[in-house]
Amino acid sequence: MNPSEETAPDLLQKAFEPTSSRFIIGIDLGTTNCAVAFIDTTEAKPSVRIFRVEQMIDANTTESCDTLPSFHYEILPSERTGIDGRFQFNHAQHCGIVGTMARDRGIEIPGRGIASAKSWLCHSMVDRTSDLLPWGSDEHVQKLSPVEASRRYLEHIRRCWDRRFPDFPMSEQDTVVTLPASFDEVARRLTIDAATRAGIEKLILIEEPQAAFYSWLERNAEKWTEHFRPGQSILVCDIGGGTTDFTLIRVVQGNPSSSASIKNDGHDMSDRVSQTMQASYGLHRVAVGEHLMLGGDNLDLALAKAIEQKLISENPGLERLRPRQWDALKLQCRAAKETMLGPNPPESYSLSVPERGAKLIEKSKSITVQRSWVHELLVDGFFGKVPIDARPIPQEEGFQEFGLPYASEPNVLKHLAAFLWDHRYDGRSSAELELDDLTAARPDWLLFNGGVLESPRIRQSIVDQIGEWFATLQASWAPGILEGNRLDLAVAQGAAYFGWVRRGDGVRINATLAKTYYVQVSQSPELAMCVMPANAQPGEQFRQTEHTLALTVGQPVQFPVFVSSTKLVHESGQVVPVDLQYMTPMPPLQTVLELPNRKTRSQILVTMASELSEIGTLQLSLREVKSSEESRENLSWRLEFDARGAPSRRYTSAPTLDESTLAQAVQAVDRAFASPAEIAPKDCVDYLTKAIGKSRRDWEPPLLRAIWSTLMDRDEYRKLSPDHEARWLNLLGWCLRPGFGSPADDWRVHATWRTVHNKLVHRTTAGLSETIVLWRRISGGFTPGQQQALFQDVWPKLKSIYLGGSGLAINPNVTIELIRLVGSLEWLSQKEKQTVMDVFLPSLGKKKFDPFASAALWTLGRLGTRVPVYANLEGILPAERIQSSLDRIYQIKSDWLERNAGSVIFCLTQWGRKTDDRYRDLGDATRGRILSLLEQLNAPSHAVQLVRERRSLSEDEASILIGDALPLGFSLAV
């Protein structure tokens, strides 16, 4: 990280300052529907109104509607004449529309429509900026990224607004866009990116549950204080198409919940605050639930899967629906769910599944479902009653049908029970901390929001469950219901009202953290400095200038972070002992801070400042403190992390080692590579293991990375001899494997690349071979560009070997390492992976290539895997391509397969692994053939289970997958 980098929240804050724009616009960027509301500030009594969005309803038909369905459809050439050019998006040859017609055409012609783009914005296993939607679509269908799809929804809205108000374009109006409270930092940034690319320039974000409550406040502005009393709790339950969000708001004694301190154009707005704001208590948002990909999409999927099972049972020989049929059924199930869970559901509902998956034409399968069956499946399945101590059981993700990692526990009420219990004392006064646990957990008021809660049956299930949980406190008790407006419009209305509140009018929710954040500043004794007090408001800045800290630059550093929900009295800058009784460790801030144009390590003195952004990011600023003699400008760095939760991690690492062990290892490296040589290069590893007292397989990640750092600092060791360089390269790769997993590994891999790539000192076979091994070991830390460069270096040589060119002269051991290197390059494109497989597959079973068979099978397994180790899901080869590759395996003589059984088993297991994502999984019949061959080869039981059902790899299997034993303490989530 370089000094003085401006972050997205910085730019966002600059872009949105209270101004005198005529309109304030609120946009609900929903998973299923978007809605827009606005306030005209020039009216005598400004109020929130709905902006009806014009859109295509059908060919040659437009209409202005309250909502814009969040669907995108790629128009067929034959359909373009019926589409109004004002509503088209043209990107190269990709012509698309959004809205009602897009939703309906997606049902009629499966595979061309995009839905749930918002859910993909928070999917960490894909590149959310790459063109991957519609997920699993045919090759001829043009794809969009989740960001681009979201941009198109917002741009459509902006275009409609600008046509209606040409003198007041949206780019000049204060615009509030909503997002789930539990969105991670990346998803928030991508939402900002989509909005700014859509032409929304004066932008701020607000959480959807808060916006929903603001909508209620706007409608009850004159009498809201009559509903509540200090100490009460308000639970906002927001269940939309893609996510479930819980937010807890406390009614507290203290300052009014107004915006009286906010200024507009330099003028104090306090005189515009209504008399109703002068209450002696306020509203504080104190807790936000964890991110749950659990919403209406899950209900659609559950209904579709159950109907698919009905069709399979009624149609012998039907294995499962083809992807296009599944797409059509899934979209119809959305409509079926809304009808059958609505206020006046019919006794039955009929759906049709196309025979060929192209259109809903005469040839289709029809199926009728009964209301009671749908209610049992969806209401009881997702909102069935549980005790207050019920908790979601941590396990692998749930539904994978969209390729999305949905929550594994489908029962929403288990998540709600955990949320209420875990946050029962958050934000309470000292007197309220004396409450018993059950009383503290009970919500007094309930506000519903989100499309799923349009269903009276589901709303009543939640009310009844909460009543039962707290029945021992008061018989026949039920939470008060804050009646809302239309649930599909409330968030947009609340967003617009929030923009009004920011100008100094209306009732403001004080979204304070109600948590204290600390950064550890001393190891011995263990001390931490408060960097964000519990009463911090979004936008507040704190400077801890009374303490000067020594900062190491030019090497990886981490800042341990702690949070407390109970110790809420510490002030910014206060240094206190680390006490794990009330401090909870969070993932540390990890980075490499560098001086401009200097790569050397050094220490400088800095002070710290902190700020809580509107979107929940805790930003830390480090500013250099210089002596008066130094003339250059003060340097500064910005760090930030999500104060609402921990980032997802695909690994865990061992605890930090003590300094004496690390120092001993560094001394051992110096002696092993000393000049004149005391130890032969071939004995270096043995010497190190004896000096450190541990086999190299037992070296922990901190020890490995410390040895790597020492080797990089002693680059001159490579020059001693070819054998020294080979051993140096070997140790370097061993200590940095698998290229990710420890703080700042991306920086280490980049430094290794700069030092070694095309820079061998001794160009020997041993040095070349060890360089290839090094690249394979750390390949998981390479960028796609670096992997491309490696592939372009090595593939011509390998291709020549297999196709009979001059490459046959290459040393066989080097050839084997080159083959395995190619297999480790997961960032390769689908086309490149297929090219490699097309060359390697015909060699299997041929005596000439037997020396390379094991390496080739390993590479084929890695390139055709259903579950990548580190790359994104969109690079996985389509299932039909794996099918053609399997045909080649089945043609090989059984005695050859048995001689290479271990490698064949590995390859088949990677190809056949079950993921429950029908776009990745091979068909049941194909996996059945794989299982038969695995049993014939006496495959281990766990390998068979990986093909038969969705499971994670064992530690040994993960080690085989990356080609080496994992460092101690690492656990890959594959």
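Please refer to the structure higher up on the page.
In what follows, the accompanying structure is described.

Conventions and cut-offs
Residues numbered from 1 in each chain as written. Predicted model: local features only at pLDDT ≥ 70, side-chain atom pairs only at ≥ 80, totals over all residues. Heavy atoms only, no water. Helix = DSSP H or I, 4+ residues; strand = E, 2+ residues; numbered from the N terminus. Buried < 20%, exposed > 50% of the residue type's maximum accessible area, 1.4 Å probe, protein only. Contact = heavy atoms within 4.5 Å. Areas by Shrake-Rupley, 256 points an atom, 1.4 Å probe, with all protein chains shown as cover. Pairing = 2+ DSSP bridges. Salt bridge = Lys/Arg side-chain N within 4 Å of Asp/Glu carboxyl O. Axes fitted to C-alpha atoms, helices over the stretch in contact; angles between N-to-C directions. Parallel < 35°, antiparallel > 145°, perpendicular 65-115°, else oblique. Left-handed = near helix turned anticlockwise from the far one by under 90°. Nonpolar A, V, L, I, M, F, W, Y, C, P; charged D, E, K, R; others polar. Polar contact = N/O pair within 3.5 Å; in protein donor to acceptor, adjacent residues only side chain to side chain.

1. Remarks on the overall build of the protein
Check the secondary structure of the protein and you find 29 helices and 31 strands. Expressed as a percentage of the 974 residues in the protein, the buried residues total 59%. Taking the intrachain contacts of the protein between residues at least 6 apart in sequence as the baseline, contacts between residues at least 24 apart amount to 72%. Summing over all exposed atoms, the protein offers an accessible surface of approximately 38,700 Å²; the carbon and sulfur share of this is 48%.

2. Looking at unusual backbone geometry
Cis geometry is adopted by the peptide bond preceding Pro 134, which originates at Leu 133 and carries an omega value of 5°. Looking at the element boundaries, Pro 134 is found in the loop between helix H3 (117–120) and helix H4 (146–164). Omega for the bond connecting Arg 737 with Pro 738 falls within 30 degrees of zero, at -5°, which places this linkage in the cis form. Structurally, the position occupied by Pro 738 is in the loop between helix H17 (722–736) and helix H18 (745–756). The phi angle at Asp 916 is positive, at roughly 70°, despite the residue not being glycine. Looking at the secondary structure, you find Asp 916 in the loop between helix H26 (901–912) and helix H27 (924–936). The class for Asp 916 is partly exposed, based on a relative accessible area of 27%.

3. Side note on the pairing of strand S14 (residues 244–253)
Burial runs high along S14: 9 of the 10 residues are buried. Bridge count for strand S13 (residues 233–239) against S14 is 7 bridges, and the pairing is antiparallel. Paired with Asp 238 across the bridge in S14 is Asp 245. Counting the residues between successive antiparallel strands, the hairpin from S13 to S14 contains 4 residues.

4. Re the pattern of salt bridges
Considering all chains together, one arrives at 48 salt bridges under this definition. Among the salt bridges present, the one from Glu 148 reaches Arg 151, with a minimum N-O distance of 2.7 Å. With a gap of 3 residues between them, Glu 148 and Arg 151 both fall in helix H4, about one helical turn apart. A single burial state applies to Glu 148 and to Arg 151, both of which are buried.

5. Topic: the packing of H18 against helix H19 (residues 765–777)
For any two helices packed against each other, one specifies the inter-axial angle together with the distance between the axes. At their nearest, the axes of H18 and H19 sit 12 Å apart, and the two run at 160° to each other. Judged on the interaxial angle alone, H19 and H18 are roughly antiparallel. Once H18 is placed against H19, the crossing between them reads as left-handed. Within the contact between the two elements, H18 uses Thr 752, Trp 753 and Val 756 and H19 uses Thr 771, Leu 774 and Trp 775. Tallied by class, residues from the contact of H18 with H19 come to 4 nonpolar, 2 polar and no charged.

6. Things to note about the side chain of Arg 428
Among the secondary structure elements, Arg 428 is positioned in the loop between helix H10 (412–422) and helix H11 (437–441). At 3.5 Å, the side chain of Arg 428 and the backbone oxygen of Gly 231 are in polar contact. A polar side-chain atom of Arg 428 sits 2.8 Å from the main-chain carbonyl oxygen of Arg 424. Setting aside its immediate chain neighbours within four residues, Arg 428 contacts Gly 231, Ser 233, Arg 250, Leu 433, Leu 435, Thr 439 and Ala 440.

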